[in-house]
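For reference, the chains in residue letters:
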Amino acid sequence: MIDSAVENAAISREEFKKEVLDDFRIATESRQASLIGRKEVLTGKAKFGIFGDGKEVAQLAMSKFFNHGDFRSGYYRDQTFMFAKGMSNVREFFAQLYADPDVEREPCSAGRSMNGHFGTRLINEDGTWKRQTNRYNSSADISPTASQMPRLLGLAYASKLYRENKALSNLTDYSINGNEIAFGTIGNASTSEGGFWEVVNAGGVLQVPMLISIWDDEYGISVHAKYQTTKENLSSILSGFQTDEHGKGYEIFTVNGWNYPALIKTYQKASKLCRDFHTPIIIHVNELTQPQGHSTSGSHERYKSKERLKWEEEYDCLTQMKLWIVESGIATVDELTAIEKDAAIFVKSEQKAAWNNFLKPILEDRDMAIGVMERLAAASSHTNEIGNLTSSLKNKDELNRKDILVSINQMLRLTLNEKNTNRDELHQLLNNFKRENAEKYNSYIYSQGEESALKIAKINPIYSENSKILDGREIVQACFDAALQRDERIIAFGEDVGKIGDVNQGFAGLQEKYGEIRVTDTGIRELSIIGQAIGLAMRGLRPIAEIQYLDYLLYALQIMSDDIATLQYRTMGGQKVPLIIRTRGHRLEGVWHSGSPMGMIINALRGMRVLVPRNMTQAAGFYNTLLKSDEPALVVECLNGYRLKEKLPDNIGEFNLPLGEPETLISGTDVTLVTYGSCCRIAEEACAELEKQGISVELIDVQTLLPFDINHQIVESIKKTNKVVFLDEDVPGGATSFMMQQVLEMQESYKYLDTQPLTISAKEHRPAYGTDGDYFSKPNVEEIFDVIYKMMHEYNPNRYPSWV
Ligand SMILES: Cc1ncc(C[n+]2csc(CCOP(=O)(O)OP(=O)(O)O)c2C)c(N)n1
Ligand SMILES: [Mg+2]
């Protein structure tokens, strides 16, 4: 058997043996990491563990065909693959298990993600991209099942763009002729998620080099395939995606997860098709096992039959690999036992090193604190209590940084009324620890690099006598035209974006001008439209992905929240996705075409920029800023603004508007009215009516909700007016509450208020259809007038008599 294997592999007998035994060693080390990892959790050194045992051999096969420039988008079972490609190693694996916050020791997430959440560092410390085509790349894993799928589509679609758009061929840091495969991995049960099917369909439509491996162990935690999958058979139900006579569709393979040579053959054939012809691939790897059960949270004996457990033992992929190696005459049982022994020793020592490295800085912090505590004990009238607290900190098992801070705080409370330098020293230490830990646990929500959106300098719009007056839609169209002209990396896509240039014609004529590869239609699939953008942005392109109406953002909100918004944070600045999500909303007609759920959105999207321009010129200025920055953003255009007339700036493609800078639309002295988006126009009308009654309102458009008024301009207005009203068309307590919290609490404007701060919002229900539906659902001029007039009446009843 070894002879035929050697023949097929076209390498020498020695080389072949070395490769097989190397594989066996990696798989065995990976298994040891799983076994020891579980013990580390059960003995209390780590909080939770989930491991790749039972899935090692298939991953070895996959790793052989994963080349430089390729990307992985996978899930928590993939440690063997990550080890095999050197994208992770045993020590880093344990560092993550212990939640080591040191990014050098735990480069996937700096201890922020639980174990098994892999990813490589795609960007440098200054935020610039690393070269991707000379290394192996993995997007950063997230926990929600199947959520690796949307971005997988984009990672694969990037290869298509790089291959088909010759103008991108100089971007060799990201692609060499689009030869890169996006490798996806997913568990069998996770394929029950809607997102899986949406992405599989889209991948087939787009014909992109996406190679999906399904690790099928028949279970999703305790739930058997009979509850997950029609006919309990993924290969069978996926067969409709099989390529047809036109070559469209997927090549689908089914292979047993314990059969090393068959797996290698399968991955070899599949990856060649995928790389050369961009044929999407599904490899259904079945008959996998889970020797230790799903995770450390329980044991699989509770839900697997005796027969199943016995079968799992027999068909454990490592057992089968060993049998094959021996039967093929590649190595003896003794040779394999020696490898197993060495692997056990190696993994144990790596685990110990990871633990010691993790613990060392905590012990140093503790000892530093104890030194100060002992001095305080001597100087304080609470010597005994402080002494007791100090010794219990000294003797604490499973020490965390938290324990040190808790002890310090207890002592500071005990000595609240004492004045001595040791107490001051302890206080100082506490502040230092807080600062250091904020860096460890609270940094990188947004880009901290040079291309942060907040660092893009303002360039004012320029107008001249010749500046044209156009419909709003023509203003954004001119902005997109200039952007597409300027930068080949920019692409736009979404429902109806291509042929008709979007439902409101922001891209009108631009597909004809720049080609289908740059401006293109997609299926109705919001989740994977955004996934497409994520993957493209990760591979150096600049996507503008469109969600047709704000009301339909909900389908995509999950991936925006779980993936985009957490990306910088969960990698501690190791990955980024500079992408723009363009949508339109606020006010038009009916329940699903006039929503403005901005509170929901900004609460789900900390980590993204959320922009709410009041008109299309502001929108264009923000698009220009965002395209120069490296941050992901959502831009909500006003659905009722496309036909309003605006003046086209002469520098439509160049001017930038800064984020986080409100604009005062009307100066006033009596009341500050804070709003954004379509409400600006309604507020302007209300202000005119109030002016007639002698009430001078200062109207402020915040323009961007995330970030919000970074220079604290609004409080300056309140210092003058001493009254504030927050207006929008979200539900009561929605984004108006956010604005109120920012202005009252963060800007401390409560100090300057003479009256109760108020909010005006839409009703609690979705807006009803028709003119009256809108009038009675959303805030209107009369309501704004009433609220502000009443506020003035309460403040000065003589001057402003009650009028109702
Ligand atoms: C959206 C979502 N729902 C539930 C979970 C909890 N959960 C984690 S793993 C898992 C089972 C996944 O099974 P499968 O896809 O077959 O992968 P396996 O663990 O068997 O390799 C579940 C339900 C989750 N992470 N995300
Ligand atoms: Mg499973």
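Quick notes on the rules
- Residues numbered from 1 in each chain as written.
- Chains lettered and ligands numbered in written order.
- Predicted model: local features only at pLDDT ≥ 70, side-chain atom pairs only at ≥ 80, totals over all residues.
- Heavy atoms only, no water.
- Donors = N, O, S within 2.8 Å, 3.2 Å for Na, K, Ca; no water.
- Buried < 20%, exposed > 50% of the residue type's maximum accessible area, 1.4 Å probe, protein only.
- Disulfide = S-S within 2.5 Å.
- Salt bridge = Lys/Arg side-chain N within 4 Å of Asp/Glu carboxyl O.
- Helix = DSSP H or I, 4+ residues; strand = E, 2+ residues; numbered from the N terminus.
- Contact = heavy atoms within 4.5 Å.
- Patch = residues over 30% accessible without salt bridge, like charges linked within 9 Å, V, L, I, M, F, W, Y side chains within 5 Å.
- Areas by Shrake-Rupley, 256 points an atom, 1.4 Å probe, with all protein chains shown as cover.
- Lys, Arg positive; Asp, Glu negative; His and termini not counted.
- Charge placed at Lys NZ, Arg CZ, Asp CG, Glu CD.
- Pairing = 2+ DSSP bridges.
- Axes fitted to C-alpha atoms, helices over the stretch in contact; angles between N-to-C directions.
- Core = buried A, V, L, I, M, F, W, Y, C linked by side-chain atoms within 4.5 Å.
- 1 Å grid on protein atoms, 1.4 Å probe; cavity = no way out; pocket = protein on both sides within 12 Å on 5 of 7 lines; lining within 4 Å.
- Points joined across faces, edges and corners; volume = space filled by probe spheres on them.
- Near = heavy atom within 4 Å.
- Polar contact = N/O pair within 3.5 Å; in protein donor to acceptor, adjacent residues only side chain to side chain.
- Nonpolar A, V, L, I, M, F, W, Y, C, P; charged D, E, K, R; others polar.

(A) View of the coordination of the magnesium ion (ligand 2). Only Asn188 (OD1), Asp217 (OD) and Tyr219 (O) from the protein reach the magnesium ion (ligand 2) as donors, at distances of 2.0 to 2.1 Å. Written as a sequence motif, the donor residues of the magnesium ion (ligand 2) are N-x28-D-x1-Y. For the pair Asp217 and Tyr219, one class covers both residues: buried.

(B) Quick look at the state of the cysteines. On inspection of all chains with the given rule, the structure shows 0 disulfides. With no disulfide of its own, Cys638 lies 7.4 Å from the sulfur of Cys680, the closest cysteine sulfur. Accessibility expressed as a relative area gives 1% for Cys638, which makes it buried.

(C) Expanded view of the pattern of salt bridges. Here the structure, examined in full by the defined rule, presents 54 salt bridges. Here Arg31 ties to Asp316 by a salt bridge, and the two come within 2.8 Å at their closest N and O atoms. Of this pair, Arg31 sits in helix α2 (residues 13-42) while Asp316 sits in the loop between α11 (306-314) and α12 (317-327), and the two are 285 residues apart along the sequence. Neither Arg31 nor Asp316 differs from the other in exposure class; each is buried. Two residues, Lys645 and Asp471, come together in a salt bridge whose shortest N-O distance is 2.7 Å. One end of the pair, Lys645, is in strand β16 (residues 645-647); the other, Asp471, is in strand β9 (residues 469-471), and 174 residues separate them in sequence. Overall, the relative accessible area of 57% leaves Lys645 in the exposed class. Each of Asp502, Glu546, Arg582, Arg584 and Glu637 takes part in a single network of salt bridges with overlapping partners.

(D) Structural view of the environment of Arg151. Among the structural elements, Arg151 can be located in helix α6 (residues 148-164). As for Arg151 and Ala182, which are separated by 31 residues in sequence, their C-alpha atoms are 9.7 Å apart. Ignoring any residue separated from it by four or fewer positions in sequence, one finds Arg151 in contact with Ser73, Ser139, Ala140, Ile142, Gly531, Ile534, Gly535, Met538, Asp563 and Arg570.

(E) Spotlight on a negative patch on the surface. Residues Glu684, Glu685, Glu782 and Asp786 make up a contiguous surface patch of negative charge. When residues of the negative patch are traced back to their parent elements, those giving at least two are α23 (679-692) and α27 (781-795). Here Glu782 lies in helix α27. What makes Glu782 partly exposed here is its relative accessible area of 42%.

(F) Highlighting the sheet that holds strand β8 (residues 281-286). Judged by pairing direction, the sheet is parallel, and its 6 strands sit side by side in the order β2-β1-β3-β4-β8-β7 without closing on themselves. The two strands at the open ends of the sheet, each matched to only one other strand, are β2 (137-138) and β7 (251-256). On the sheet, α6 packs against β1 (71-73), β3 (182-187) and β4 (210-215) and is oriented at approximately 165° with respect to β3.

(G) A look at the nonpolar core. Counting 86 residues, the largest nonpolar core has Ile212, Ile530, Met560, Ile581, Met598 and Leu634 as its most contacted members. If one sorts the elements of this core by residue count, α6 sits on top with 9 residues. Excluding its chain neighbours within four sequence positions, the residues that come into contact with Met598 are Leu550, His586, Val610, Val612, Val636, Tyr676, Leu705, Asp730 and Ala735. Listed in part, the 82 residues of the second largest apolar core include Phe24, Phe253, Trp324 and Phe358.

(H) Quick peek at the layout of surface pockets. Of the voids in this model, the largest pocket is the one considered here, and its volume is about 600 Å³. What lines the largest pocket is a set of 24 residues, and nearest its centre among them are Lys47, Tyr98, Ala99, Phe358 and Asn400. Those elements that provide at least two residues to the lining of the largest pocket are α5 (90-97), α13 (333-379) and α15 (401-414). Per element, the largest residue contribution to the lining of the largest pocket is 3 residues, and it comes from α13.

(I) Layout of the pairing of β8. Of all 6 residues making up β8, 6 are buried, and the element is well covered by its neighbours. Here β8 shows two buried faces, one formed by Ile281, Ile283 and Val285 and the other by Ile282, His284 and Asn286. Both β4 and β8 contribute to a ladder of 5 bridges, which runs parallel. Paired with Leu211 across the strands is Ile281, a residue of β8. The sheet contact formed by β7 and β8 spans 6 bridges and is parallel. Within the sheet, the bridge partner assigned to Thr254 lies in β8 and is His284.

(J) Region of interest: the sheet that holds strand β12 (residues 542-546). The 7 strands lie next to each other as β11-β10-β12-β13-β15-β14-β20, forming an open sheet whose pairing is mixed. Two strands lie at the open edges of the sheet, namely β11 (519-521) and β20 (704-706), each paired on one side alone. When the angles between neighbouring strand axes are averaged without regard to direction, this sheet yields 20°. Pairing between strand β10 (residues 490-494) and β12: 5 bridges, direction parallel. Residue Ile491 lies in a different strand from β12, and its bridge partner there is Pro543. Against the sheet, helix α19 (residues 526-538) makes contact with β10, β12 and β13 (580-585), and its axis sits at roughly 175° relative to β12, the strand it touches most.

(K) Highlighting the site of ligand 1. As a structural note, the neighbourhood of ligand 1 is formed by 18 residues, with Tyr75, Tyr76, Arg77, Asn188 and Ser190 the closest of them. At a separation of 3.4 Å, an oxygen atom of ligand 1 approaches a polar backbone atom of Gly187. A distance of 2.5 Å separates an oxygen atom of ligand 1 from a polar side-chain atom of Ser190. Here ligand 1 loses 72% of its free accessible area of 580 Å² to cover by the protein chains. In terms of residue class, the shell around ligand 1 is made up of 6 nonpolar, 8 polar and 4 charged.

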